[in-house]
Amino acid sequence: MERNNSSNFSACPLNCWDACSFTIEVEEGSIVKVGGNKAHPITKGNICIRGRKLKDRTNSEQRITTPLKKVNGDWAAISWDQALEELANKLQEAKRLYGPTSVLHSHDYSNNGLLKAVDERFFRAFGGWTKVEGSLCWGAGIEAQIRDFGNSFAHAPEDVLNSRSIIIWGRNAARTNMHLYSYLTAAKAKGATLIVIDPMKNQLDRLADEFISVRPGSDGFLAAGIMKVILKNGWEAREFIEQATFGFEVLQSKLEAVTMEEIISFTGVSEITITKLAKVYTNGPTSTLLGLGMQRYKNGGNTIRLIDALGAISGNIGIPGGGVNYGLLPVGQAFDTDKLALREKDANIRTFTRMNQGEKILTETDPPVHVIIVSRGNPMTQLPNTNVTAAAFEKTDTVVVLDQFMTDTAEAANYFLPVTTVFEEEDIYYASMYHSYANYGSKIVEPAGEAKPELWIWTQLAKRLGFGEYFAFTVNEWLEMGTESLRKTGWSLEQLKKTGFLQLPVASVPWSESRFQTPSGKYEFVSTKALEAGEDGTIDITYPQEAMNASKSYPYHLLSLHPLRSNHSQHYHLLAGREQNIAEISVNIAREHRLRDGDSVLVKNDRGELKAVVRVEDGLHANTINIDEGRGQKFGGSVNLLTSNGEADMGKGSILYDCRVTIKKVQP
Ligand SMILES: Nc1nc2c(c(=O)[nH]1)N[C@H]1C(S)=C(S)[C@@H](COP(=O)(O)OP(=O)(O)OC[C@H]3O[C@@H](n4cnc5c(=O)[nH]c(N)nc54)[C@H](O)[C@@H]3O)O[C@H]1N2
Ligand SMILES: Nc1nc2c(c(=O)[nH]1)N[C@H]1C(S)=C(S)[C@@H](COP(=O)(O)OP(=O)(O)OC[C@H]3O[C@@H](n4cnc5c(=O)[nH]c(N)nc54)[C@H](O)[C@@H]3O)O[C@H]1N2
Ligand code: SF4
Ligand SMILES: [Mo]
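This write-up is about the structure you can find in this document.

So, how was this worked out
Residues numbered from 1 in each chain as written. Chains lettered and ligands numbered in written order. Predicted model: local features only at pLDDT ≥ 70, side-chain atom pairs only at ≥ 80, totals over all residues. Heavy atoms only, no water. 1 Å grid on protein atoms, 1.4 Å probe; cavity = no way out; pocket = protein on both sides within 12 Å on 5 of 7 lines; lining within 4 Å. Points joined across faces, edges and corners; volume = space filled by probe spheres on them. Helix = DSSP H or I, 4+ residues; strand = E, 2+ residues; numbered from the N terminus. Nonpolar A, V, L, I, M, F, W, Y, C, P; charged D, E, K, R; others polar. Salt bridge = Lys/Arg side-chain N within 4 Å of Asp/Glu carboxyl O. Near = heavy atom within 4 Å. Polar contact = N/O pair within 3.5 Å; in protein donor to acceptor, adjacent residues only side chain to side chain. Areas by Shrake-Rupley, 256 points an atom, 1.4 Å probe, with all protein chains shown as cover.

## Description of the layout of surface pockets
Of the pockets and cavities examined, the second largest pocket occupies roughly 1,400 Å³. Lining the second largest pocket we find 40 residues, and of these Y109, W138, L329, R343 and S432 sit closest to its centre. If you list the elements that add at least two residues to the lining of the second largest pocket, you get helix 4 (118-126), strand 7 (129-133), helix 5 (139-149), helix 14 (330-333) and helix 15 (337-340). It is helix 5 that contributes the most residues to the lining of the second largest pocket, four residues altogether. For the lining of the second largest pocket, the class distribution of residues is 14 nonpolar, 13 polar and 13 charged.

This is the structure in structure tokens:
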């Protein structure tokens, strides 16, 4: 066969810390290899299996490549003309009879493309809609950092090389953030001390000097304990506290109200370890790298505020090698997404949160939801409390899913609109999480079958609904629109296309001048933003919800971590031999229930139940179970059958890990 090799720039579109730049090999019009772009300063040509398998997601025989309509319970292929005409009519009718908010757009962020933001432009031009807000992922922590610093602004990845100590606090970096792992290896080689704080031992343990096991949902208490020791010994950074912060006395009085005994008993961490951490924090620079795990609890926002406060009073803010690193929002803020999303034309917007959308669909009457459009999300598998989501979708007249595969959500729909993959469309990709480079993704191959870019679908619908003028742009014009604000910094689309990546104008050590983006300009222990919103704005040392209430019926914590080889639900169908859930259980649970590796169990609470195969894990905190998230029905079923759709204390964040269950041995 004749080889027609060409190498092209693309980028990982997956929701992930690392935002890798790719080079792609094509033969005879098909992708044959997804590789890493060696020239990228952070991702350096190394990519993970989830990225490499995007080739298989594009080429898969399981991919749906024609529009489908459900007729008498079965899917039938239809033309794009018919699909668009029927959908336009349904949207028009829903708007005429019940108003535009009878249309719900349910989405998440499974594709990080800049141009995906035009979906909101569509609904604004339509005259309104019901939108989802809040976050399954990191909402409580983001709001916490906005209250404290005015923004969530991590240090550049290479800055850990300036740290004396590095604390990885609830981030499963070896699994979720592979390039951080390489920087940690380099920092260790330079002599840095690495400490991991987590209820579950993970691959970082191989690198770490110390692994500290905490009880799920108790990290705020741990941070409070460390601060108590610092203050008792007078080790705090007085100058920073006096000159650059607001509300310190209030924090002090909150810390005085909680006893060391309470802290030790709740966290399960000894006073010796707490004192050692106080020394590590005050003999910096100490860099704290937060994951998203410990804020997916009812007390999640306050937990992050307490860890931020620890970073602040120990003098680790604004210095190289320091920082309380969580999100990197200035990356997304550098783009003109407001323009793409037509934000100037806000009207008739009803909001549901991501967590309560199922309940709201079932109960809202003013107006009820008549049409649901799902894009970039698989709510049936990924939203908490699956049984509520299923009932909500079941109740709704018209459910339209834009996707590439027949997911659990798509199975529950009446229309399936097949969309292109990253390699079949042009866009710019970025993640506001870890580094400050944006990547270019060119259109590398022709779309499979009749798959179309989302942009094309919104444009066609807009034309049929009479507001096509809002969509009369070429892809290049859209990209120019979304990057206009960057041009004054010397950033150009041409340059991005040439190199495949470009750095955004984002500081590598934030807050170095001790001027913060809060209303007071100071680091705020008492949040003026919250005060202005009518809250008391103070940090509270509070317990999680379910994680605190060990009851006789539901004695165990359930975590549901991100899977190693899949980005959420996206890769299971490409991995052989993964049809069952694995329940990783702590040693005491195994003993209490006489369970051994390979036994079958039912994990259960009031919301639902799930079958799984046991793996006993000696690195798990007592009374704790983990079942990785992301499995659809065909792969053993979603752990979200068990999770709660409650909301955290701030930021409309999820409480996915604040979950209690029981376990029982069953026949395989
Ligand atoms: N392989 C893989 N990588 C991914 C993803 C994926 O699906 N698969 N998803 C991407 C996305 S969208 C995200 S948001 C990130 C998430 O990245 P991470 O935050 O690293 O991942 P999580 O699985 O959310 O869990 C993080 C860690 O929190 C710990 N944890 C849970 N509860 C607590 C607690 O109470 N206290 C402490 N200290 N730790 C706790 C867990 O044991 C786990 O080690 O990963 C991204 N990367
Ligand atoms: N129990 C539990 N649940 C969780 C989590 C957890 O830790 N535990 N993590 C939560 C987190 S952090 C997150 S971020 C969410 C993620 O939740 P989701 O974003 O909903 O999950 P994904 O499986 O990544 O992707 C959803 C769908 O998007 C489709 N897709 C991919 N690219 C495109 C595209 O360009 N256009 C369209 N229209 N569709 C596309 C995929 O085929 C897939 O079916 O899950 C949350 N759910
Ligand atoms: S999933 Fe993350 S680590 Fe893997 S290739 Fe994509 S961006 Fe890189
Ligand atoms: Mo996420």
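## Some remarks on the pattern of salt bridges
Evaluation of the coordinates by the stated rule reveals 38 salt bridges. With its nearest N and O atoms 2.9 Å apart, the salt bridge here joins E86 to K69. Of this pair, E86 sits in helix 3 (residues 80-98) while K69 sits in strand 4 (residues 68-71), and the two are 17 residues apart along the sequence. If you follow the salt bridges from partner to partner, you end up with E120, R124, K131, D338, R343 and D346 in one network.

## Re the site of ligand 1
Near ligand 1, the surroundings consist of 35 residues, among which T176, D198, G217, D219 and R296 are the closest. Between ligand 1 and N172 there is a distance of 2.8 Å, counted from an oxygen atom to a backbone nitrogen or oxygen. Taking P563, its main chain carries an N or O atom lying 2.8 Å from a nitrogen atom of ligand 1. Contact with the protein chains covers 100% of the free accessible surface of ligand 1, which is 910 Å². If you list the elements that add at least two residues to the shell around ligand 1, you get helix 6 (173-176) and strand 9 (193-198).

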